[in-house]
Amino acid sequence: MSTLKLHNFNKHFYGVKAVNGLSLEFEAGKITGLVGPNGSGKSTLINLITGIIPKDSGTIFIADGFKTDKIMAQDMYDYKITRTFQNVRVFEQMSVLDNLMVVLTHRNALGALFEKKKKLYEDRAIEILEKLDISEKKHELAVNLSYGQRKLLEIGRAIAMDADIILFDEPYAGLFKEMIKKVSEIIKELREAGKTVILVEHNMEIIRDLCDTVVVLDAGELLAHGKPETVLKQRDVVEAYLGE
Ligand SMILES: Nc1ncnc2c1ncn2[C@@H]1O[C@H](COP(=O)(O)OP(=O)(O)OP(=O)(O)O)[C@@H](O)[C@H]1O
Ligand SMILES: [Mg+2]
């Protein structure tokens with residue numbers, strides 16, 4: 001199980017304080033909801049943690065005290081962190097199966113072809129696709145999937161990574177009811193497997209159902225942190241949402 005701790009994270013875009021002096025600890029092996037009004041800095045925070053954009057300042061502590069000031073996206077595999085994007089990102093011109101194979105074989109498409117363990121990886125890829133109910137699409141190019149199916153595929157890629165810390169940026173957005181149920185099952189399974197999950201979501205029913213803890217951001221700052229049943233009732237939290 002891996003904890004994730006942030007100290008004094010800052011990211012300003014010109015005049016906008018997207019993330020402002022934020023210090024936080026995400027509990028190992030739990031699901032933490034990351035909520036807040038539009039523009040409160042949730043995606044920026046995930047982008048900073050995963051090195052997609054550089055932060056202005058801040059220190060990150062991963063696992064057993066491992067500490068770094070500089071986070072690079074290409075190091076995420078070694079840090080055992082993965083994420084999904086608010087705007088779904090998959091390899092559109094690859095088949096659904098290959099989208100998982102490149103992850104399972106450490107992102108090396110050529111390696112996948114010659115890898116002795118190919119069959120093993122393929123079985124794992126199919127297992128993940130079956131869990132997501134998209135295994136019948138395995139030979140389809142990802143670009144031909146529906147939006148929801150592409151979101152599920154991206155979640156599949158995150159599972160295939162077998163990371164310790166998984167950050168989901170609005171994985172439910174644009175999904176039908178059945179798919180929503182599926183994603184919740186998967187997130188709960190990740191917790192059962194001891195993973196540390198961070199979930200950005202606007203639907204408070206989902207947050208209440210899944211999360212052990214919730215972190216509320218407002219204008220890039222920490223507004224509240226605690227159990228969903230307590231935090232979501234707090235007056236300042238309700239006002240931050242209604243004030244949108
Ligand atoms: N690349 C960028 N350049 C300039 N400003 C940005 C950039 N990315 C984010 N911002 C600004 O930073 C603030 C935080 O944005 P962010 O996308 O992190 O919010 P969010 O909480 O994820 O919102 P939402 O719920 O709508 O996804 C916003 O004011 C946004 O306009
Ligand atoms: Mg966002």
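**Some details on the overall build of the protein**
Within the protein one finds ten helices and ten strands. In terms of C-alpha radius of gyration, the protein reaches 18 Å, essentially the compact-globule figure of 18 Å for 244 residues. Along the first, second and third principal axes, the C-alpha atoms of the protein reach 55 × 40 × 35 Å. Looking at the protein as a whole, 40% of its 244 residues qualify as buried.

**What about the pairing of strand E2 (residues 16-26)?**
Across seven bridges, strand E1 (residues 4-13) lies against E2 in antiparallel orientation. Bridged to Lys5 within E2 is Glu25. Between E1 and E2, which pair antiparallel in sequence order, lie two residues; one of them, Tyr14, sits at a positive phi of approximately 50°.

**Things to note about the environment of Arg208**
Structurally, Arg208 is set in helix H8 (residues 204-210). Setting aside chain neighbours within four positions, we find Arg208 in contact with Pro228 and Leu232.

**Regarding the site of ligand 1**
Every residue close to ligand 1 is listed here: Phe13, Val16, Ala18, Gly36, Asn38, Gly39, Ser40, Gly41, Lys42, Ser43, Thr44 and Gln86. Of all the secondary structure elements, the ones that give two or more residues to the shell around ligand 1 are E2 and helix H1 (42-49). When residues in the shell around ligand 1 are grouped by element, the largest group, three residues, is from H1. Along the lines of polarity and charge, the residues of the shell around ligand 1 split into three nonpolar, eight polar and one charged.

**A few points about the packing of helix H5 (residues 118-131) against helix H6 (residues 147-160)**
Following both chains from N to C, one finds H5 and H6 inclined at 135°, their axes separated by 10 Å at the closest point. Relative to H6, the element H5 is oriented oblique. Judged by the twist between their axes, the crossing of H5 over H6 is right-handed. Seen from H5, the contacting residues are Ala125, Ile128 and Leu129; seen from H6, they are Gly156, Ile159 and Ala160. For the contact of H5 with H6, the class distribution of residues is five nonpolar, one polar and no charged.

**Remarks on the domain arrangement of the protein**
Segmenting the protein into domains produces domain 1 (1-80 + 163-244) and domain 2 (90-161). Relative to domain 2, the C-alpha centre of domain 1 lies at a distance of 26 Å. Opposite the ten residues of domain 1 that make contact, domain 2 presents ten residues. For the side of domain 1 that touches domain 2, the element with the highest residue contribution is helix H7 (residues 177-192), accounting for four residues. Of the residues in the side of domain 1 that touches domain 2, the class split is eight nonpolar, one polar and one charged.

**Examining the nonpolar core**
Soluble globular proteins tend to bury their nonpolar side chains together. If you look at the biggest cluster of nonpolar residues, it comprises 64 residues, and the most contacted ones within it are Leu100, Ala125, Ala160, Ile166, Leu199 and Val214. No fewer than three residues from each of domain 1 (1-80 + 163-244) and domain 2 (90-161) sit in this core. Once you skip the residues sitting within four places of it in the chain, Val214 turns out to touch Thr32, Gly33, Val35, Ile207, Gly226, Pro228, Val231 and Leu232.

**Let's talk about the environment of Tyr14**
Relative to the assigned elements, Tyr14 resides in the loop between E1 and E2. Taking the number of C-beta atoms within 10 Å as the measure of exposure, Tyr14 has 4 and is therefore exposed. The spacing of Tyr14 and Thr44 is 30 residues in sequence and 14 Å in space, taken between C-alpha atoms.

**Side note on the pairing of strand E3 (residues 31-35)**
Among the five residues that make up E3, five are buried, leaving the element largely enclosed by the rest of the structure. With burial as the criterion, each face of E3 is covered, one bearing Ile31, Gly33 and Val35 and the other bearing Thr32 and Leu34. Strand direction decides the pairing type here: E3 and strand E8 (residues 196-200), joined by four bridges, are parallel. Opposite Leu34, over in E8, you have Val200 as the bridge partner. Here four bridges tie E3 to strand E9 (residues 213-218), and the two strands are oriented parallel to one another. Bridge pairing in E9 links Leu34 to Val215.

Scoring rules and cut-offs
Residues numbered from 1 in each chain as written. Chains lettered and ligands numbered in written order. Predicted model: local features only at pLDDT ≥ 70, side-chain atom pairs only at ≥ 80, totals over all residues. Helix = DSSP H or I, 4+ residues; strand = E, 2+ residues; numbered from the N terminus. Rg over C-alpha atoms; globule rule 2.2 N^0.38 Å. Buried ≥ 20, exposed ≤ 12 C-beta atoms within 10 Å, placed from the backbone. Pairing = 2+ DSSP bridges. Contact = placed C-beta atoms within 7 Å. Near = placed C-beta within 6 Å. Nonpolar A, V, L, I, M, F, W, Y, C, P; charged D, E, K, R; others polar. Axes fitted to C-alpha atoms, helices over the stretch in contact; angles between N-to-C directions. Parallel < 35°, antiparallel > 145°, perpendicular 65-115°, else oblique. Left-handed = near helix turned anticlockwise from the far one by under 90°. Domains from an automatic or database assignment. Core = buried A, V, L, I, M, F, W, Y, C linked by C-beta atoms within 7 Å.

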